[in-house]
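The lines below spell out each chain.
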Amino acid sequence: MTLTASSLGRDAGGRAILDGIDLTVAPGERLGIVGPNGSGKSTLLRLLAGIARPSRGEVRLGGVPLQRLTRRDIARRLAFVEQQAETADRLTVRDAVELGRTPHLSALRPFGEADTRVVNAALERVDMASFAGRLWHTLSGGERQRTHLARALAQEPAILLLDEPTNHLDIRHQVALLALVRRLPVTAVMALHDLNHASAYCDRVLVLRGGRIAGLGAPAEVLTPATIRAVFGVEVTVHTDPGDGTRSLLVKGHIPFGETPEMTHVTGAAR
Ligand SMILES: Nc1ncnc2c1ncn2[C@@H]1O[C@H](COP(=O)(O)OP(=O)(O)OP(=O)(O)O)[C@@H](O)[C@H]1O
């Protein structure tokens, strides 16, 4: 299912916090959104999820404008794991994940065995099966994050939107989550702070700067030392593993705050 944004913009606090976003996410694609703090990553994800309303432009899901779809219609196709998402304290992990089935249920289609199987599989996939009976407020930050992802997987969406999904996760669970998202038969759009994760696990990367697209393309095309210097104010060198060709960015230093990075040419044309 294709997700598109045309001339998308959002105003807040008397200014445009996002503007001129034209984007088509192809079915099955993994798109990473990167950018400095406050560049508009969460705002873009919230607009794509239909949680926030655009001030300009529109989002289409499978060709249909989001405002023509009900929340339930959207939730059957698209799941969103927000940053700092909360859940009621009295819920168990299983209860929280079962909520992911809600868009598929009705009076004529109550929760059944097939739903239990989907919930069990989602818990297994994020390594939370042994926590199923635990109350929400007893979970660590990483365990909560993995439960949120399990809830989204239980929705069986065609499109998964993730806002900093590796937050709070230890390194093994970070890699396991990104590898899982890469394996799943879904379209994934995820805001990531780690540029090496964006490089290794995404087909394309969208770079935001001040609410606008500063680059969009394949990781090697967009995440270059020049772009990273201009957008993030950080000096990096690129290393390529001679064995498997994996490209990694090594941080060498940063431009002090107060000194604006040069607005050098930013690669990767917006498509
Ligand atoms: N209601 C609001 N009023 C004023 N400014 C707002 C409002 N909501 C968001 N902003 C501003 O919009 C900008 C974009 O915010 P957003 O949360 O999308 O950034 P982000 O790229 O996700 O940041 P981070 O990396 O810190 O999570 C920020 O400068 C933020 O302060």
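Residues numbered from 1 in each chain as written. Predicted model: local features only at pLDDT ≥ 70, side-chain atom pairs only at ≥ 80, totals over all residues. Heavy atoms only, no water.

Describing the sheet that holds strand β1 (residues 3-12)
Formally: Strands were regarded as paired on the criterion that DSSP finds at least two bridges between them. Starting at the N terminus, helices and strands are each numbered in turn, a helix being any DSSP run of H or I of at least four residues and a strand any DSSP run of E of at least two. Contacts: residue pairs with any heavy atoms within 4.5 Å of one another. To define axes, lines are fitted to C-alpha atoms, for helices over the stretch in contact only, and angles between the resulting N-to-C directions are given on a 0 to 180 degree scale.
Ordered in space as β2-β1-β4-β5, the four strands form an open sheet in which the pairing is antiparallel. Two strands close off the open sheet at either side, each with one partner strand: β2 (15-25) and β5 (64-65). As defined by bridge partners, β1 adjoins strand β4 (residues 56-61) across five bridges and the pair is classed as antiparallel. Bridge pairing links Gly9 to Arg56 in β4. Set on the sheet, helix α1 (residues 41-48) makes contact with β1, β2 and β4; between it and β1 the angle comes to about 125 degrees.

Let's talk about the domain arrangement of the protein chain
Condition: Residue ranges assigned to the domains are those given by an automatic or database domain assignment. Throughout, the accessible surface (probe 1.4 Å) given up by two parts as they are put together, summed over both, is called the buried area.
Each assigned domain of the protein chain is listed with its residue range as follows: domain 1 (3-215) and domain 2 (224-262). The C-alpha-based centres of domain 1 and domain 2 are spaced at 27 Å. With 10 residues of domain 1 in contact, the opposing surface of domain 2 contributes seven residues. Buried area between domain 1 and domain 2, both sides added, is near 710 Å², and the carbon and sulfur share of it is 67%.

With respect to the sheet that holds strand β7 (residues 159-163)
What the six strands build is an open sheet, ordered β6-β7-β8-β3-β9-β10; its pairing is mixed. Strands at the two margins of the open sheet, each flanked by one partner only, are β6 (78-81) and β10 (212-217). Neighbouring strand axes in the sheet, compared pairwise and without regard to direction, differ in orientation by 15 degrees on average. One ladder, built from four bridges, connects β6 with β7; its direction is parallel. The residue bridging Phe80 from the neighbouring strand is Leu161, located in β7. Along the sheet, helix α5 (residues 141-154) contacts β6 and β7; its crossing angle with β6, the most-contacted strand, is approximately 175 degrees.

Examining the side chain of Asp115
Secondary-structure assignment places Asp115 in helix α4 (residues 113-125). Once residues within four sequence positions are removed from consideration, Asp115 is found in contact with Arg101, Leu105, Arg109 and Pro110.

Structural notes on the pattern of salt bridges
Worth spelling out the cut-off: The term salt bridge refers to a side-chain nitrogen of Lys or Arg lying within 4 Å of a carboxyl oxygen of Asp or Glu. Under the scheme applied here, a residue whose accessible area is under 20% of the maximum for its type counts as buried, over 50% as exposed, and between as partly exposed, the area being computed with a 1.4 Å probe on protein chains only.
A complete count under the given rule lists 12 salt bridges for this structure. Among the ionic pairs, Asp19 bridges to Arg56, the shortest N-O distance being 2.9 Å. Remark: Arg56 occurs in strand β4 and Asp19 occurs in strand β2; sequence separation between them is 37 residues. Among the residues examined, Arg56 registers a relative accessible area of 28% and is labelled partly exposed. With a closest N to O distance of 3.9 Å, Arg76 and Asp73 form a salt bridge. Residue Arg76 and its partner Asp73 are located together in helix α2 (residues 71-77), separated by three residues, close to a single helical turn. Residue Arg76 is classed as partly exposed on the basis of its relative accessible area of 33%. A single network of salt bridges, built from pairs that share partners, joins Asp11, Asp19, Arg56 and Arg212.

What to know about the nonpolar core
Definition in use: By nonpolar core is meant a set of buried Ala, Val, Leu, Ile, Met, Phe, Trp, Tyr and Cys residues that side-chain atoms within 4.5 Å join together.
Core analysis: the biggest nonpolar cluster contains 46 residues, and Val97, Leu149, Leu153, Leu160, Val207 and Leu223 have the highest contact counts within it. With near-sequence residues (within four places) excluded, Val207 lies in contact with Val34, Arg212, Ile213, Ala214, Gly215, Val222, Leu223 and Val231. Core analysis: the second largest hydrophobic core is formed by 29 residues, Leu44, Leu47, Leu66 and Leu78 among them.

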